[in-house]
Amino acid sequence: MSGYTLRKHAFILFVGKFLATALMFVVPLVLVRVLSKNEFGIYKQAMLLVTFFTSMLQFGITQSLYFFYSHGDDNRKLISQTFYIFLFIAALFFLLYWAFSGYIPSLIKGLDTQGVIRNTGIYIGLFFLTFFFETLLILERQPKKLLLFLVLDNSARTGFAIIFAFIYNDVSMILFGLILYGLIKLAVVVIYLSANYGFPMGMRGISRADVMKQVRYAVPLGGGRLIGDIGRKADRFILTAFLSASGYAVYTVGTLRMPLDIAYLSIGNTALPRITEYYREGRKDLMAQLWHKVIFYYCLFTIPIVIFCEGFADEIITFLFTDEYIEAAAVFRVYVLIYLGYMMARGSILKASNNTRYAFSANLYSMISGVALGIVLIRYFGIMGGAASAVLASSVNVFYQVYKSKKILNLSFGKWLPWKRMIIITLLSAAAMVPALGIRLLTGGNIYRLMAGFAIYSLVLIPLMNWFRLISISSITSKIREKIEGVKR
């Protein structure tokens, strides 16, 4: 396609994902100010079911499109059969959900309102049916259309949730608003598929062999993803059985997800093709160098952010979610440590060397440890135990993958990771935090302490990083000027 480049596509996808994340981040910030703590907890319990089931029900079908979609060929049959597979799974889910929905209140403490349970199930089915559409737009290589979709889709979802929250102040009605959003999105997707792929194709034109071929490819991917999701969400499911809805609300606020994953994916996906080339050439030394470079870039922003969050957790939580959730700050201080594992670029070497079986094993061990640790730690330490179990289970996943990467590259312990630069970044960030914490001695609201603390932290840390040649301020400013001049021309 004319004008298409991988870098341009990746950049627009990054922008779209960032804007989509920012829009969805607005929802809990508004809801904590509209709903009671108990109602907000019920909403988050419902969303836990939504995120888990919409991801689990795919069974890798969405990812299979990357393999089977063919540019320049007729993909009408593939798109139709994918939608039919999704429709079959959704129908099966509806039947099982209605059959077992009566057990949900006994499994999830607080989620006992029939209207909330019913609307959650309906929304899961509708949201799931259109889940593959974003992947389809990525495969079509029309980044501007993808960006428009991401912005409009998440704006609509955010808008419906917030509007219904303000009008009705009721979780079941918020979910009803999301159901309306889901119906509109489904209609738009069907119209788009009809216009661009002659959808729907008759069932007779789709062979059983083709369906089974796609399913056989997808199921192993879906199995690994399911195991990973269970491991990552084990703490939340266990907590829903022990905590009231209001207690779960505090926990979800404390386990606030920062949009660092978007930056990880952007850098990692850019480096992965080159690492793969080095592997095919047998250049493990260059693989290690580039892997360390990616980790270094991750560390440059991850370690300073984590240390700042540790120092200003109270201000961050109360500014975003009001003083009512101050107890979530302690949970946040524990949970934010999970990003120190994420910055290790754990899957890069395994993917590049076609050793993805180790990633599956890592997810399996993470799931087992997450469930075991979650049951024990949550029973004795409550929400703090939940946060600790999530961090420890993630650490098991990270350590296993990074250790296997070390073995693949034949690295010694000293050359396993870029230890020196990691330590320097940590020490410089800790040193910059000392004067920043001094702002707490001054009076003023959370927002002023937060802004002043961040300003001081940045003004001290950035020159220190420049001094130790971790970054180059002059190089960054010159590149910015070149971009500005290029836009002007």
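Data block above holds the structure.
Along each chain, numbering runs from 1 in the same order as the chain's sequence is written. Per-residue local features of the predicted model are confined to residues with pLDDT of at least 70, and side-chain atom pairs are confined, for both listing and counting, to 80 or more; whole-chain, interface and lining totals are unaffected and use all residues. The basis for every side-chain value is the complete set of non-hydrogen atoms in the structure, without hydrogens or water.

**Some thoughts on helix α15 (residues 328-335)**
Buried means the residue's accessible area, taken with a 1.4 Å probe over protein chains only, is under 20% of the maximum for its type, while exposed means over 50%, and partly exposed covers the values in between. Helix and strand assignments follow DSSP, with helices taken as H or I runs no shorter than four residues and strands as E runs no shorter than two, numbered in order from the N terminus. Every buried residue belonging to α15 is among Ala-328, Ala-329, Val-331, Phe-332 and Tyr-335, and all of these are buried. End-on, the buried residues of α15 take up no more than an arc of 155°, which puts them together on one face. By construction, the arc corresponds to the directions joining the helix axis to the C-beta atoms.

**Focus: the pattern of salt bridges**
Salt bridges are defined by distance alone: a side-chain nitrogen of Lys or Arg within 4 Å of a carboxyl oxygen of Asp or Glu. The final tally for this structure, using the stated rule, is eight salt bridges. A salt bridge links Glu-140 to Lys-145, with the shortest nitrogen-to-oxygen separation between them at 3.9 Å. Given the relative accessible area of 9%, Glu-140 is considered buried. For Arg-449, the salt bridge identified is with Glu-315, shortest N-O distance 3.3 Å. Within this pair, whereas Arg-449 is found in helix α20 (residues 446-467), its partner Glu-315 is found in helix α14 (residues 313-321), the two being separated by 134 residues in sequence. Accessibility expressed as a relative area gives 18% for Arg-449, which makes it buried. Under the relative-accessibility criterion, Glu-315 is labelled buried at 4%.

**So, the side chain of Lys-406**
In this structure, Lys-406 sits in helix α18 (residues 356-409). Here Lys-406 is buried and forms no salt bridge, its nearest opposite-charge partner Asp-285 lying at an N-O distance of 17 Å. Whether two residues touch is decided by their heavy atoms; if any such pair falls within 4.5 Å, the residues are in contact. Those residues in contact with Lys-406 that sit more than four places away from it in its chain are Leu-411, Ser-412, Phe-413 and Trp-416. Residues scored as positive are Lys and Arg, those scored as negative are Asp and Glu, and His as well as the terminal groups of each chain are ignored.

Everything listed here is a matter of coordinates, which is why it stays silent on function.
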